[in-house]
Amino acid sequence: MEADLEAAAAAKKATGDKSRGGKTKLVQKTGGGIVRQWNILKKMVNEDEIPLFQDALYWLSYFPPIGVDHLKNFAAGVDWRRAFITTFVNPYYDAFIRWQFEVLREKGKVLFGKRNNVYSLVDGQVCADHDRSEGEGVGPQEYVLIKLKVLVPDHGQSRHAKMEALLKTAGDIPVYLVPATLRPETMYGQTNCFVIPEGEYGAYKVDALNEIFVMSARSARNLSCQVIEGNNYFTKEFGKIDQLESFTGDELLGIPLRAPLAKYEKVYTLPLLTISMNKGTGVVTSVPSDAPDDYVSLKALQNKPDFRAKFGITDDMVLPYEIVPIISIDGYGEAAAVYMCEKLKIQSPNDKAKLTQAKDETYLKGFTIGIMTTGPHSGKKVSEAKPIIKQEMIDAGQACLYFEPESRVVSRTNDECVVAATDQVSSPRHMIVSITLTLIQ
Ligand code: ZZB
C-alpha cells in the first residue's frame, strides 16, 4: 500500500504535478478569485446581522433550525425528539465523547501528537486554504536533510576566513552543510556539494542537536517550527533560530566536506548556477550518476578550466571525482543520468527543458524499476531500499527530516507560510457543528 502510494507520488513528481487533483472547494464554489467570509454570509443572512457571527456559538443557534426547516420541506421522515447538538455546548454529548476517547487512549488505540501543517508565524496559527492569498491546496512536502560535515578549509583561500573562524569558535560542535533531497538512497554516489555563488546562506544553531546547520534563512525559519521527534523541537524557542554567521555562496565554494555514505573521504562545494533559493535549503548534494543536473554541471566544471577558474575552483576539487554507479535500471544502464543526458544530447546546464525531461524520466524509472548495486542494500529494489536507508541515516545522526510547503503559500496577512509541527487541536472557527438525526425507516 505504502509502496503504491510512493509510486504514485513518484509518478506525480516525475510529471511535475504537485496539485491535489481536481478543483478545491473554494474554486468550485466561486469559480476562483478571493471571496471573503462576509460575501459568503451576505448570500444567506441580513447584512446587519453578519457581525454577530464573530461569536462561534452564534452559528450554532442560527443555522440548525434552518436546516431542520429545509429537511421538513423536503418531507424527510425524522424523529426530531432525538436531534441534538454536538461539541462542548452539549455537556452530555461532550461527556460521552470524552469517555470514548479516554477508553481508546487507555487501550493505546489513540495518541496525542504533533502534525505538520502549513502555518503562518505572523498569525501564530495554521494557515488553512481559506486563510491564504496564494497557494490554495498546497500541503507540506517532506525532504531529507543530509549532514555534510564541514572540514577545515585546506586551500588557503581568503574567502574561507569566516568559515575558519566559525569552526574555531564552534570547537566540538559540528558544522554541517545540509542539502535537502528526495533521494536519500543515492547518497552512495555523492561526488560534491553545490551552492549558488550569489546565494545568501547562514550558519544556524540547532539547539536540540547541539549542531550548526548552514542553509538559507527561509529554510532555517521552517526548521525552527519543526520537531526532531515527538514533542522535541529543533530549537529552544518555536519559530526562532539563532544565526551565528552569514555567508554568500561564493564564501562556501571550495570548502571540504565529509559526506555520509559517499565513496570519497572528502568532497568539495562547487558552483551550480540553477539552484533556486526558494526551494529546500539552497544547498544541493550532487549525485551525477542519477541526477542529470548534477551530471552536466560537474562535467562542465571538469571539462572547462576557465569555468573552474572563474569560481576559484582548483583542479583537485573536481578532476579526481569520477561518477559512482549506484543504481541499475533496465534499459538505462548503471548510471541513468549519464544515459539520459547522452540520449537527449544535453550539452549545458542551461538546457532547462531537456534537463527537466531527463530528471522526470530518471526519477520515475529509478523509483519503479531501479535496483541498488552499491552498499549494504545492494540487490534491493530502489522503492524498497529508499525508506530503509532514510531511516538508517536518521538513526545514525547522518540525516533528519525537513518539511516546507510544496510551493509558495502566502497568508492573507501577507506572510510567507512555513510548515510547523502543531498540536492537533481545532480552533472554534473549525468546530464541527452538526445535528445528529435519526431517520425513521
Ligand atoms: C540528491 C539527488 C540524487 C537528487 C538524485 C535528485 C536525484 P524536485 O524534484 O524539483 O523537488 N534540489 C534540492 N534543492 C534544490 C534547489 N534549491 N534548487 C535546485 N535543485 C534542488 O527537487 C528535489 C531535488 O532537486 C533534490 O534531490 C536535489 O537533488 C535537487 F539522483 O538530491 B536531489 C532524477 C533526480 N535525481
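Here, the structure is the one placed above.
Residues numbered from 1 in each chain as written. Predicted model: local features only at pLDDT ≥ 70, side-chain atom pairs only at ≥ 80, totals over all residues. Heavy atoms only, no water.

> Please give an account of the packing of aromatic side chains that cites residues and values.
Within this structure, the stated rule accounts for 17 aromatic pairs. Taken together, a centroid distance of 5.8 Å and an interplanar angle of 40 degrees make the contact between Trp59 and Phe63 tilted. Taken together, the residues span about one helical turn, with Trp59 and Phe63 both in helix H4 (residues 56–73) at a distance of four residues. Judged by relative accessible area, Trp59 falls into the partly exposed class, the value being 28%. Here Phe63 falls in the partly exposed class, since its relative accessible area comes to 23%. Aromatic side chains Tyr143 and Tyr402 sit 6.5 Å apart centroid to centroid with 35 degrees between the ring planes, which places their arrangement in the tilted category. With Tyr143 in strand E5 (residues 140–146) and Tyr402 in strand E20 (residues 399–405), this pair connects stretches of sequence that are 259 residues apart. Classification of Tyr402 as buried rests on a relative accessible area of 0%. Cluster of aromatic residues (ring-pair linked, three or more members): Phe53, Tyr58, Trp59, Tyr62 and Phe63. (Phe/Tyr/Trp six-rings, centres within 6.5 Å; stacked < 30°, edge-to-face > 60°. Helix = DSSP H or I, 4+ residues; strand = E, 2+ residues; numbered from the N terminus. Buried < 20%, exposed > 50% of the residue type's maximum accessible area, 1.4 Å probe, protein only.)

> Quick rundown of helix H13 (residues 352–369)? Include the residues and the values.
Side chains that are three or four residues apart share a direction in an α-helix, a result of its 3.6 residues per turn. Over its 18 residues, H13 extends 25 Å from the first C-alpha to the last, a length consistent with the 26 Å expected when each residue adds 1.5 Å. Taken together, the buried positions of H13 are occupied by Leu355, Ala358, Asp360, Thr362, Tyr363, Gly366 and Phe367. (Expected span 1.5 Å × (residues − 1).)

> For the packing of helix H9 (residues 292–303) against H13, give the residues involved together with the corresponding values.
The N-to-C vectors of H9 and H13 enclose an angle of 130 degrees; their axes lie 8 Å apart at closest approach. It follows that H9 is oblique to H13 by the angle criterion. Counted together, Pro292, Asp293 and Val296 of H9 and Leu355, Ala358, Lys359 and Thr362 of H13 form the full contact between these two elements. Looking at side-chain class alone, the contact of H9 with H13 contains four nonpolar, one polar and two charged residues. (Axes fitted to C-alpha atoms, helices over the stretch in contact; angles between N-to-C directions. Parallel < 35°, antiparallel > 145°, perpendicular 65-115°, else oblique. Contact = heavy atoms within 4.5 Å. Nonpolar A, V, L, I, M, F, W, Y, C, P; charged D, E, K, R; others polar.)

> Tell me about the pairing of strand E16 (residues 267–271), and please be specific about residues and values.
Counting buried residues in E16 gives five out of five residues, a clear majority hidden from the surface. In terms of strand pairing, strand E9 (residues 192–195) meets E16 through three bridges, oriented parallel. Counterpart to Phe194 in the pairing with E16 is Leu270. (Pairing = 2+ DSSP bridges.)

> Got a sec to walk through the sheet that holds strand E2 (residues 114–120)? Specific residues and values, please.
If you trace the three strands from one edge of the open sheet to the other, you get E3-E2-E22, paired in antiparallel fashion. Two strands in the sheet have a free side with no partner beyond their single neighbour: strand E3 (125–126) and strand E22 (418–423). Where E2 meets E3, two bridges bridge the pair, whose relative direction is antiparallel. The partner of Ser120 across the bridge, within E3, is Gln125.

> Mind laying out the nonpolar core, listing which residues take part and the relevant values?
Counting residues in each nonpolar core, the largest one holds 67 residues, and the members touching the most others are Met163, Val175, Leu177, Val214 and Leu270. Setting aside residues up to four positions removed in sequence, Leu177 forms contacts with Ile146, Lys147, Leu148, Val150, Cys193, Val195, Val214, Leu257, Thr269 and Val283. Counting 17 residues, the second largest nonpolar core, distinct from the first, contains Val206, Phe213, Leu223 and Phe234. (Core = buried A, V, L, I, M, F, W, Y, C linked by side-chain atoms within 4.5 Å.)

> Go over the side chain of Arg183 with me, naming the residues and quoting the values.
Along the chain, the position of Arg183 falls in the loop between strand E8 (180–181) and E9. Taking the relative accessible area as the measure of exposure, Arg183 reaches 10% and is therefore buried. Apart from residues no more than four positions distant in its own chain, Arg183 is found in contact with Asp290, Ile327, Thr362, Tyr363 and Lys386.

> Summarise the sheet that holds E20; cite the residues concerned and give the values.
Here we have three strands laid out as an open sheet, ordered E8-E5-E20, and antiparallel in their pairing. Of all strands in the sheet, those with a lone pairing partner are E8 and E20, marking the two edges. Where helix H14 (residues 382–395) meets the sheet, its contacts fall on E5 and E20, and the angle it forms with E20 comes to roughly 110 degrees.

> Tell me about a nonpolar patch on the surface, and name the residues and values.
Taken together, the side chains of Leu57, Phe88 and Val89 present a nonpolar region at the surface, about 270 Å² in accessible area. Examined against the element boundaries, Phe88 turns out to sit in the loop between strand E1 (84–85) and helix H5 (91–106). For Phe88, a relative accessible area of 53% translates into the label exposed. (Patch = residues over 30% accessible without salt bridge, like charges linked within 9 Å, V, L, I, M, F, W, Y side chains within 5 Å. Areas by Shrake-Rupley, 256 points an atom, 1.4 Å probe, with all protein chains shown as cover. Salt bridge = Lys/Arg side-chain N within 4 Å of Asp/Glu carboxyl O.)

> I'd like a description of the pattern of salt bridges, backed by residues and values.
Oppositely charged side chains can pair when the atoms bearing their charge come close. Counting across every chain of the model gives 19 salt bridges. Across the pair Arg183 and Glu185 runs a salt bridge whose closest N-O atoms are separated by 2.8 Å. No difference in accessibility class separates Arg183 from Glu185, as the two residues are buried. Connected through shared salt-bridge partners, Glu134, Arg408 and Glu416 make up one network.

> Pulling in residues and values, what's your account of the environment of Pro140?
Relative to the helices and strands, Pro140 is located in strand E5. Separated by 24 residues in sequence, Pro140 and Asn116 have C-alpha atoms that sit 7.0 Å apart. Look past the residues within four positions of Pro140 in its chain and what remains in contact with it is Asn116, Asn117, Val118, Phe403, Glu404, Pro405, Glu406 and Val419.

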